[in-house]
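Here are the chains, one letter per residue:
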Amino acid sequence: HLDFVNDSSLVGQRKHFNGISLCLPTRMEKIENDKFSVIKNQLEKIKNSYFITNVLAVYQNADSMVLIISQINHDSLIYNELDKEFEDGLALNLGADYINKGQFSIGGLKIIQFIVSNEEITNYKLYINVKGTTYYQIDYLINTKYFNIFRGRKEMSISTIKIKEG
């Protein structure tokens, strides 16, 4: 059982992206235009990427936090593919000192979370609607030394995730 921080002052207004919505952590700014295109292109062409993704939005905070919202293009149920082999690949690709897998639900929505950490970055990698038909990936990337400062904002944002099927 996970208990999330419950303080609405830590998030802003609800944002909608291709069937998924959430409230962003406060003080996040959308990356747009050429800068977004470059990041989107780099993320969608990562070698050894497990899933084909369509990056929907990227936000950043001047204080070392990045949020990436993606839709996963995959024909079969991803729930079964988020296994030990996948976890080992994540650790290798991200040079992780630490990786932790968890599973929880928000309003009946099944989510699998990988916490991938090294000295510099802690990545909360969420796979959303893992037993549905439309899949999403949300990455909360936080500079490890500022992790405790952003923890509440990240948790409050996660607790607001909703999807619209169909």
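Above this note sits the structure.
So, a few notes on the structure that sits alongside this text.

Reading guide: rules and limits
Residues numbered from 1 in each chain as written. Predicted model: local features only at pLDDT ≥ 70, side-chain atom pairs only at ≥ 80, totals over all residues. Heavy atoms only, no water. Helix = DSSP H or I, 4+ residues; strand = E, 2+ residues; numbered from the N terminus. Rg over C-alpha atoms; globule rule 2.2 N^0.38 Å. Buried < 20%, exposed > 50% of the residue type's maximum accessible area, 1.4 Å probe, protein only. Contact = heavy atoms within 4.5 Å. Areas by Shrake-Rupley, 256 points an atom, 1.4 Å probe, with all protein chains shown as cover. Lys, Arg positive; Asp, Glu negative; His and termini not counted. Charge placed at Lys NZ, Arg CZ, Asp CG, Glu CD.

Examining the overall build of the chain
Summing up its helical and strand segments, the chain has three helices and ten strands in all. Ordering the α and β elements of the chain from the N terminus gives β-β-β-α-β-β-α-β-β-β-β-α-β. A globule of 166 residues ought to have a C-alpha radius of gyration of about 15 Å, and the chain, at 15 Å, matches this closely. The principal-axis extents of the C-alpha atoms in the chain amount to approximately 40 × 40 × 35 Å. For the chain, with 166 residues in total, the buried portion stands at 44%. For the chain, contacts bridging at least 24 residues in sequence account for 52% of all contacts bridging at least 6. Carbon and sulfur atoms make up 46% of the accessible area of the chain, which amounts to about 9200 Å² in all. Treating the 19 positive side-chain charges of the chain as one cloud and the 19 negative ones as another, the clouds have centres 5 Å apart.

Points about the environment of leucine 56
You can see leucine 56 is positioned in strand E4 (residues 52-61). Its relative accessible area of 17% is what places leucine 56 among the buried residues. A sequence separation of twelve residues divides leucine 56 from isoleucine 68, and the C-alpha atoms of the two residues are 7.8 Å apart. Apart from residues lying up to four places away in sequence, leucine 56 is in contact with Phe17, Asn18, Phe36, Ile69, Ser70, Gln71 and Tyr136.

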